Amino acid sequence: MTEETGRYPLRLEGDGVPMVRFQKVTKRYGPLVVLDELDLDVAPGEMVTIIGPSGSGKTTVLRMLMTLETIDGGVIYVDGEPLTHMVRNQGLVPANSAHTRRMRSKIGMCFQHFNLFPHMTALGNCMEGPVQVLKLSRKEAEERSMELLEMVGMADKRDEHPSRLSGGQQQRVAIARALAMRPRIMLFDEVTSALDPEVISEVTSVIRRLVSTHNLTMLMVTHQMGFAREISDRVCFFFNGSIEEQGPPAELFEAPGRERTRQFLNAVLEAN
């Protein structure tokens, strides 16, 4: 993190504080600018979907929130606090590991390729984080995990290892595992793109249920335009590392205001 952070607030306070704020966030790989002074607010409980062509910075946004990528400029705030910085001597400095762990505990992520532990059962995958990180007793972790496996329709597969589960089943277990950590924010990175078309509905139905029954803030990257339109409060179209256009899904999909957005949506619809 090379940029001076003195001009950024130490924390966000007052009414209307977003659950997530990217303030002038920049990410570079050598001469390639992946995110270009990105400004993005996500309100508590809001479901925001990020769409755009490959290389536009979509997944980088999620990976930064998971602290899997460093930032080269700007500040990210989560629940009012800086994520990759911390306050010291009335200024912002790079966060230490304790601050990062505490902030990361507010965020859960489901990846494209599930990332389940292959040597653990579905139940074991869900219990591991609550036991090892949250220090729950095994009984408490099992009760919490079984409740979530029930919610995603996988309670009957509690003793199966990932190799014996279909892609859709593995993704549902991955969602339950992320929720077992009681995050405030859930991130979904192309969670249906590795699945066969006939099982995509298994995963999208679980996400629909999450949206309708849990007060989670959610960010999703997807190429499923129909799903994005149905489930999102807001859709952001990324292009060349910044937000080209954003708005309610009906507005953005039916009457996009920017030519690049129209070209992208036409190309996606033609491909499908």
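Throughout what follows, the structure given in this document is the object of discussion.

Using the criterion set out here, one finds 20 salt bridges in the structure. Note that Arg63 and Glu69 form a salt bridge whose closest N and O atoms lie 3.2 Å from each other. Arg63 gets classed as partly exposed once you look at its relative accessible area, which sits at 30%. When its relative accessible area of 16% is taken as the criterion, Glu69 is described as buried. Note that Arg208 and Glu230 form a salt bridge whose closest N and O atoms lie 2.4 Å from each other. With a gap of 22 residues between them, Arg208 in helix H6 (residues 197–213) and Glu230 in helix H7 (residues 225–231) connect regions that are remote in the sequence. Here the salt bridges do not stand alone but share partners, grouping Asp79, Glu81, Arg102, Lys106 and Arg184 into one network.

So, about the pairing of strand S4 (residues 73–78). Within S4, 6 of the 6 residues are buried, which leaves it mostly tucked inside the rest of the structure. Two elements, strand S1 (residues 20–29) and S4, share 5 bridges in a ladder whose sense is antiparallel. Each bridged residue has a counterpart across the sheet, and for Thr26 the counterpart in S4 is Gly73. Relative to strand S5 (residues 81–82), S4 runs antiparallel, the two sharing 2 bridges. Following the sheet pairing, Val78 is matched in S5 by Glu81. Counting the residues between successive antiparallel strands, the hairpin from S4 to S5 contains 2 residues, one of them, Asp79, with a positive phi of roughly 55 degrees.

Cut-off values and rules
- Starting from 1, residues in each chain are numbered consecutively following that chain's sequence as written.
- For this predicted model, a pLDDT threshold of at least 70 governs which residues receive local features, and a threshold of 80 or more governs which side-chain atom pairs are given and counted, while totals over whole chains, interfaces and linings are taken from all residues.
- As a rule here, side-chain values come from all non-hydrogen atoms in the structure, and water together with hydrogens is ignored.
- The salt bridge definition used is simple: a Lys or Arg side-chain nitrogen within 4 Å of an Asp or Glu carboxyl oxygen.
- Summary of the burial criterion: residues with accessible area below 20% of their type's maximum are buried, those above 50% are exposed, and those between are partly exposed, where the area comes from a 1.4 Å probe applied to protein chains only.
- Numbering goes from the N terminus for both helices and strands, where a helix is a DSSP run of H or I of at least four residues and a strand is a run of E of at least two.
- Paired strands, as defined in this entry, are two strands with at least two bridges between them according to DSSP.

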